[in-house]
Amino acid sequence: MHVQVLLALSQISECLPEDPKVHVELTQHVVRFFRHPHPRVRFAAVHCLITFSQDLGPNLQQNTHRLVIPNIVNLIRTESSHPRVQAHAVESLSMFVDMCQDESLMPYLKDLLMVLSQLLQSNVQLQVQSKCVAAVASIADRAGKQFVPFYDNFVPALKSVFFRSARRGGGG
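The structure displayed is predicted, hence computed values, not measured ones.

**Q** Looking at this structure, I do not really get the layout of surface pockets. What am I missing?
**A** The gaps left among the atoms become clear once a water-sized probe is rolled over them. Considered as a void within the structure, the second largest pocket measures approximately 160 Å³ in volume. Lining the second largest pocket are S13, E14, L16, P17, E18, P20, H23, D55, L56, G57 and N59. Among the elements of the structure, α2 (20-32) and α3 (39-56) are those that each provide at least two residues to the lining of the second largest pocket. Here the lining of the second largest pocket is composed, by residue class, of four nonpolar, four polar and three charged.

Spelled out as structure tokens, the structure:
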């Protein structure tokens, strides 16, 4: 039942009233499902956040970054046994960050890049790593010059993902 409700909520997100309080309240409810025991429910909650990020941004990001970013990072860290959920969580981070204002993102920059770097350097599935590459690109784009100190940490990992993907014939 939770999955259906979250997916329905994501479908109607573009029709929600333009009331930031409603957006914050709904986002709080969605983020609570990041800790649900079943991976399908967590996946649906992440999917809902992706849709919210697209349909309600950038106001959503401005009003909920303190809630959303730490919870996404925690979900990414804890989903190693469910790579599909982990990849979707990384994708939600990328989508959320795409519409974040720079000042909302900067307090989380180091932690975000650290978790993505760890994933890129680990043996997680290629689908997770490819989402990490997109998330790093989104964060680097938003961070601008603030990304420079982290650049050298990512080049070897990005090359590794690229060559690993090329060996498998992945072009996507």
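**Q** How should the nonpolar core be read in this particular structure?
**A** Here is a general trend for soluble globular proteins: nonpolar side chains tend to be buried in one another's company. In terms of nonpolar packing, the biggest core is built from 52 residues, with F52 and L116 touching the most fellow members. Put simply, the parts of the chain that give this core at least two residues each are α1 (2-12), α2, α3, α4 (59-78), α5 (83-98), α7 (109-120), α8 (126-143) and α9 (148-168). Looking at which element gives the most residues to this core, the answer is α3, with nine residues. Dropping the residues within four chain positions of it, F52 is found in contact with L9, S13, L16, L26, T27, V30, G57 and L60.

**Q** Is there a simple way to think about the packing of α2 against α4 in this case?
**A** In a pair of packed helices, the angle between the axes and the distance between the axes together describe the arrangement. Where α2 meets α4, the axes come as close as 10 Å, and the angle between the chain directions of the two elements is 15 degrees. If you check the angle between α2 and α4, you find them roughly parallel. Two packed elements cross with a definite hand, and for α2 against α4 that hand is right-handed. Residue-level contacts link P20, H23, V24, T27, Q28 and V31 of α2 to L60, N63, T64, L67, V68 and N71 of α4. Grouping the constituent residues of the contact of α2 with α4 by class yields six nonpolar, six polar and no charged.

**Q** I keep staring at the environment of V133 and nothing clicks. Help me out?
**A** Position of V133 among the secondary structure elements: in helix α8. Along the primary structure V133 and V161 are separated by 28 residues, whereas in three dimensions their C-alpha atoms are 8.4 Å apart. Excluding residues within four positions of it along the chain, V133 makes contact with L120, L158 and V161.

**Q** What exactly am I supposed to notice about the packing of α7 against α8 here?
**A** Close contact between α7 and α8 brings their axes to 9 Å; oriented N to C, the two are set at 155 degrees. The orientation of α7 relative to α8 falls into the category roughly antiparallel. For the crossing formed where α7 meets α8, the hand is left-handed. Within the contact between the two elements, α7 uses L109, L112, L113, L116, L119 and L120 and α8 uses V128, Q129, C132, V133, A135, V136, I139 and A143. Looking at side-chain class alone, the contact of α7 with α8 contains 13 nonpolar, one polar and no charged residues.

About the thresholds
Residues numbered from 1 in each chain as written. Predicted model: local features only at pLDDT ≥ 70, side-chain atom pairs only at ≥ 80, totals over all residues. Heavy atoms only, no water. 1 Å grid on protein atoms, 1.4 Å probe; cavity = no way out; pocket = protein on both sides within 12 Å on 5 of 7 lines; lining within 4 Å. Points joined across faces, edges and corners; volume = space filled by probe spheres on them. Helix = DSSP H or I, 4+ residues; strand = E, 2+ residues; numbered from the N terminus. Nonpolar A, V, L, I, M, F, W, Y, C, P; charged D, E, K, R; others polar. Core = buried A, V, L, I, M, F, W, Y, C linked by side-chain atoms within 4.5 Å. Buried < 20%, exposed > 50% of the residue type's maximum accessible area, 1.4 Å probe, protein only. Contact = heavy atoms within 4.5 Å. Axes fitted to C-alpha atoms, helices over the stretch in contact; angles between N-to-C directions. Parallel < 35°, antiparallel > 145°, perpendicular 65-115°, else oblique. Left-handed = near helix turned anticlockwise from the far one by under 90°.

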